[in-house]
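# What the coordinates show
Read off the chains here:
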Amino acid sequence: MIDLLWPATLETLYMVSVASVVAVLGGIPLGVLLARAPKPVYRPVSLVGNAARSLPFIVLLLLLTPFTRTVTGTGIGPEAAIVPLSIGAIPFFARLVENSLREVDPGLIEAGRSLGMRSWTLVTKVLLPEALPSLVRGITVTIVALIGYSAMAGVVGGGGLGTLAIVWGHERFRTDVLLATAAVLIVLVQGIQSGGDHLAKRLDRR
């Protein structure tokens, strides 16, 4: 069982780690844009983001298969799964970033403006630092969601624990493999959630 679980767990961690980094790098600028943009810009960007988030991940995975093959040269395996995982996670995390920035005390924003801070300085010196605990919680939620998405990717051969559960558990009627896979996923989620909550509390100065 260890020989099956260990490489599958490493593949899941690899997919989730890369997709999480991409989600943060793409989601923070998009979230800042959503939080600070005027209505003519906000509405179309928000509409596109909502449309992307409204698609079930399995549907997004199938729709992006041609694009994934173009980018990675294959439609199966961890590398292929990273593409839809990243694209699906960016608008998800961006909305969490937007909500975090909107929770910042408006008085701090006004104080920054009174000091002559421009938009970029206001974002980097006031908004993002003040929203950091909430952003950490948002990253934690995103990583947990990506673990679930990565398991769904196993339906189409995405690798990791999802593929292990489908190929070795479901198709071979191995209940022990299914239970072991579920146990590893639960441990991963609980560990990441606990670590994220602890870090957010450490960063919260209130």
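Anything mentioned here points back to the structure above.
The paragraphs below set out a description of the structure included in this document.

Criteria and thresholds
- Residues numbered from 1 in each chain as written.
- Predicted model: local features only at pLDDT ≥ 70, side-chain atom pairs only at ≥ 80, totals over all residues.
- Heavy atoms only, no water.
- Helix = DSSP H or I, 4+ residues; strand = E, 2+ residues; numbered from the N terminus.
- Buried < 20%, exposed > 50% of the residue type's maximum accessible area, 1.4 Å probe, protein only.
- Areas by Shrake-Rupley, 256 points an atom, 1.4 Å probe, with all protein chains shown as cover.
- Phe/Tyr/Trp six-rings, centres within 6.5 Å; stacked < 30°, edge-to-face > 60°.
- Lys NZ or Arg CZ within 6 Å of the ring centre and 35° of its normal.
- 1 Å grid on protein atoms, 1.4 Å probe; cavity = no way out; pocket = protein on both sides within 12 Å on 5 of 7 lines; lining within 4 Å.
- Points joined across faces, edges and corners; volume = space filled by probe spheres on them.
- Nonpolar A, V, L, I, M, F, W, Y, C, P; charged D, E, K, R; others polar.
- Core = buried A, V, L, I, M, F, W, Y, C linked by side-chain atoms within 4.5 Å.
- Contact = heavy atoms within 4.5 Å.
- Patch = residues over 30% accessible without salt bridge, like charges linked within 9 Å, V, L, I, M, F, W, Y side chains within 5 Å.
- Salt bridge = Lys/Arg side-chain N within 4 Å of Asp/Glu carboxyl O.

### Some remarks on the overall build of the protein
- Looking only at helices and strands, the protein has 10 helices and zero strands in total.
- When its helices and strands are written in sequence order, the protein yields α-α-α-α-α-α-α-α-α-α.
- Overall, the C-alpha framework of the protein stretches about 65 × 40 × 25 Å when taken along its three principal axes.
- Buried positions account for 39% of the 206 residues belonging to the protein.
- As displayed, the protein has an accessible area near 11300 Å², and 67% of this comes from carbon and sulfur atoms.

### Observations concerning the packing of aromatic side chains
- Taken as a whole and judged by the stated rule, the model has one aromatic pair.
- Taking 4.8 Å as the distance between ring centres and 10 degrees as the angle between the ring planes, the aromatic pair formed by Phe-57 and Tyr-149 counts as stacked. In this pair, Phe-57 is assigned in helix H3 (residues 57-63) and Tyr-149 in helix H8 (residues 132-152), connecting sequence segments 92 residues apart.
- The exposure class of Tyr-149 is partly exposed, given its relative accessible area of 22%.
- Stacked on the ring of Trp-168, the Lys or Arg Arg-172 has its end atom at 4.0 Å from the ring centre.

### Section: empty space enclosed by the protein
- Across all of its chains, the model carries two cavities of 30 Å³ or more by this definition.
- Looking at the largest cavity, the residues that line it are Leu-30, Leu-34, Val-45, Ser-46, Gly-49, Asn-50, Arg-53, Pro-91, Ala-94 and Arg-95.
- Listing elements by their share of the lining of the largest cavity, those giving two or more residues are helix H1 (2-36), helix H2 (39-54) and helix H5 (78-102).
- Among the residues forming the lining of the largest cavity, the class breakdown is five nonpolar, three polar and two charged.
- As a volume, the second largest cavity reaches approximately 30 Å³.
- Contributing to the lining of the second largest cavity are Ser-20, Ala-23, Val-24, Phe-93, Ile-139, Thr-142 and Ile-143.
- At the level of secondary structure, the elements contributing two or more residues to the lining of the second largest cavity comprise H1 and H8.
- Residues of the lining of the second largest cavity, tallied by class, amount to five nonpolar, two polar and no charged.

### Here we look at the nonpolar core
- Counting 25 residues, the largest nonpolar core has Leu-5, Phe-57, Leu-85, Leu-146, Leu-161 and Leu-164 as its most contacted members.
- Of all elements in the fold, only H1, H3, H5, H8, helix H9 (160-170) and helix H10 (175-203) reach the threshold of two or more residues within this core.
- Apart from residues lying up to four places away in sequence, Leu-85 is in contact with Met-15, Ala-19, Phe-57, Leu-146, Tyr-149 and Ser-150.
- Within the second largest apolar cluster, 13 residues are counted, among which are Ala-35, Val-97, Val-104 and Ala-131.

### With respect to a nonpolar patch on the surface
- Where nonpolar side chains cluster on the molecular surface, the patch consists of Ile-2, Trp-6, Leu-10 and Leu-13 and spans about 430 Å² of accessible area.
- If you trace the backbone, Ile-2 turns up in helix H1.

### Section: the pattern of salt bridges
- The final tally for this structure, using the stated rule, is five salt bridges.
- Where Glu-98 meets Arg-95, a salt bridge forms, and the shortest distance between an N and an O atom there is 2.6 Å. Taken together, the residues Glu-98 and Arg-95, both in helix H5 and three residues apart, mark about one turn of the helix.
- You can call Arg-95 buried: its relative accessible area is 12%.
- The partner of Glu-110 in a salt bridge is Arg-113, and the shortest N-O contact between them spans 3.0 Å. Here Glu-110 pairs with Arg-113, and both are found in helix H6 (residues 106-114), just three residues apart, close to one helical turn.
- Residue classification places Arg-113 among the partly exposed positions, given a relative accessible area of 42%.
- Via salt bridges that share partners, Arg-95, Glu-98 and Arg-102 belong to a single interconnected network.

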